[in-house]
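# Breakdown of the fold
Here are the chains, one letter per residue:
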Amino acid sequence: MAEYPSLSIDRFDRDNLLAKAFFLSHCHKDHMKGLKAPALQRRLECSLKLRLYCSPVTKEILLTSSKYKFWENYIAAIEVETPTQISLVDEAAGKKEDILVTLLPAGHCPGSVMFLFEGMGGTVLYTGDFRLASGEAARLEWLHSGGRVKDISTVYLDTTFCDPRFYQIPSREECLNGIMQLVGSWVTLSPYHVVWLNCKAAYGYEYLFTNLSEEFSIQVHLNKLDMFKNMPEILHHVTTDRMTQIHACRHPKEDYFVRANRLPCGNIAADGTPLRIISIKPSTMWFAERIKRANVIVR
């Protein structure tokens, strides 16, 4: 980041090892390169001031993995929408620079945030991966001052779908409604009709899980729940009990299980009756690759 070159955001290797502060927008692997590397661990052990800043939920998720346990004493969780002053310390020269950091909800997955930096380098917004519906940015209080948008000098914008060809990306509500109709038409046929949600990432689909669970009073099967142990609003809707009709369990050989009409967890009916399984693959990228408008649900 040119305005604040001593910060490292969502990248933790090479020249970023020299940063005076680290920031993590969310816990998806493409934003965590170098975060568990021995070189970074050694850098932390040699510093008294170096910290990783993130949201409380991101901290919770990160530390559920043993690979990142060494971060435990070096993470400073900042509450969302709470402007917080931090000091960037040059430990060799004894100098420091204070900046104001505000975490803004990004709507991408649990714990995901945007970072608003304010200081001598100007006002800078780093979005990371975000998903905001039309009009939501206008309601973000800390992007505004005196009734108008703050004078933001630079925006570092995630541009995954910033392409005029991607003219049709359905809203989250449209997608949810389509999936709810499909799931409802299947699981109500019999207890042997089962849905498998073929989810690409380890987390980020909790909005879907909780809404399906609430609608059909069926918990969603996952391989493990440890990342949600302090998130009762999610934990109530998921389970490790395989005897359920909605699954989002994962296996590296997903295609094999679809062809074999089996669930990754290997669940079968208690009485031996063959399960009838449909697979639903939630995908924003699928719509981005269409050259003409498509239905929200494509069979």
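Residues numbered from 1 in each chain as written. Predicted model: local features only at pLDDT ≥ 70, side-chain atom pairs only at ≥ 80, totals over all residues. Heavy atoms only, no water.

### Some remarks on a positive patch on the surface
On the surface, Lys29, Lys36, Lys67, Lys224 and Arg250 cluster together into a patch of positive charge. Relative to the assigned elements, Lys29 resides in the loop between β2 (21–23) and α1 (38–45). Of the residues examined, Lys29 reaches a relative accessible area of 74% and is grouped as exposed. (Patch = residues over 30% accessible without salt bridge, like charges linked within 9 Å, V, L, I, M, F, W, Y side chains within 5 Å. Areas by Shrake-Rupley, 256 points an atom, 1.4 Å probe, with all protein chains shown as cover. Salt bridge = Lys/Arg side-chain N within 4 Å of Asp/Glu carboxyl O. Lys, Arg positive; Asp, Glu negative; His and termini not counted. Charge placed at Lys NZ, Arg CZ, Asp CG, Glu CD. Helix = DSSP H or I, 4+ residues; strand = E, 2+ residues; numbered from the N terminus. Buried < 20%, exposed > 50% of the residue type's maximum accessible area, 1.4 Å probe, protein only.)

### With respect to the environment of Met227
Within the fold, Met227 resides in the loop between β13 (220–221) and α5 (232–235). What makes Met227 buried here is its relative accessible area of 10%. Along the backbone, Met227 and Thr58 are 169 residues apart, and their C-alpha atoms lie at a distance of 9.7 Å. The contact partners of Met227, leaving out residues within four places of it in the chain, are Glu60, Ile61, Thr64 and Tyr203. (Contact = heavy atoms within 4.5 Å.)

### Things to note about unusual backbone geometry
Positive phi, normally seen in glycine, also occurs at Asp10, with a value near 60 degrees. Relative to the helices and strands, Asp10 is located in the loop between β1 (7–9) and β2. Among the residues examined, Asp10 registers a relative accessible area of 5% and is labelled buried. Positive phi, normally seen in glycine, also occurs at Arg14, with a value near 50 degrees. Within the fold, Arg14 resides in the loop between β1 and β2.

### Some points on the pairing of strand β7 (residues 113–119)
As a general feature of sheets, a regular strand has side chains that alternate between the two faces. Burial runs high along β7: six of the seven residues are buried. Pairing geometry for β7 and strand β8 (residues 122–128), over five bridges, is antiparallel. When the sheet's bridge partners are listed, Leu116 is paired in β8 with Leu125. Hairpin connection between β7 and β8: a loop of two residues separates the two successive antiparallel strands. (Pairing = 2+ DSSP bridges.)

### Concerning the state of the cysteines
Within the structure shown, the criterion is met by zero disulfides. The thiol of Cys54 is not disulfide-bonded; the next cysteine sulfur, from Cys27, is found 7.1 Å away. This cysteine, Cys109, is not joined by any disulfide, and Cys27 carries the nearest cysteine sulfur, 7.8 Å off. (Disulfide = S-S within 2.5 Å.)

### Details of the pattern of salt bridges
Per the stated rule, a full pass over the model turns up three salt bridges. Arg11 is the partner of Asp13 in a salt bridge, and the nearest nitrogen-oxygen pair spans 2.7 Å. Overall, the relative accessible area of 31% leaves Arg11 in the partly exposed class. Of the charged contacts, one joins Glu118 and Lys150 as a salt bridge, the two residues approaching to 3.3 Å between their closest N and O atoms. You can see Glu118 sitting in strand β7 and its partner Lys150 sitting in the loop between β10 (148–149) and β11 (154–157), a full 32 residues away along the chain. For the pair shown, Glu118 and Lys150 are each scored as buried.

### Focus: the nonpolar core
With 50 residues, the main nonpolar core has Leu35, Trp71 and Leu197 as its most contacted residues. When contributions to this core are tallied by element, the ones reaching two or more residues are α1, β3 (52–54), α2 (56–62), α3 (172–187), β12 (193–197), α4 (206–216) and β16 (276–280). When residues in this core are grouped by element, the largest group, seven residues, is from α3. Setting aside residues up to four positions removed in sequence, Trp71 forms contacts with Phe22, Leu35, Leu40, Leu44, Leu52 and Leu63. (Core = buried A, V, L, I, M, F, W, Y, C linked by side-chain atoms within 4.5 Å.)

### A short note on the packing of aromatic side chains
When we look at a pair of aromatic rings, we describe it by the centre distance and by the angle of the planes. Going through the model one piece at a time under the given rule, you end up with nine aromatic pairs. Ring geometry for Phe23 versus Phe117: centroids 5.1 Å apart, planes at 85 degrees, classification edge-to-face. Remark: Phe117 occurs in strand β7 and Phe23 occurs in strand β2; sequence separation between them is 94 residues. With respect to class, Phe23 is no different from Phe117; both count as buried. (Phe/Tyr/Trp six-rings, centres within 6.5 Å; stacked < 30°, edge-to-face > 60°.)

### Regarding the side chain of Asn267
Note that Asn267 resides in the loop between α6 (254–259) and β16. You can call Asn267 buried: its relative accessible area is 10%. A polar side-chain atom of Asn267 sits 2.9 Å from the main-chain carbonyl oxygen of Arg242. Discounting residues that sit within four places of it in the chain, Asn267 has contacts with Arg242, Met243, His247 and Leu275. (Polar contact = N/O pair within 3.5 Å; in protein donor to acceptor, adjacent residues only side chain to side chain.)

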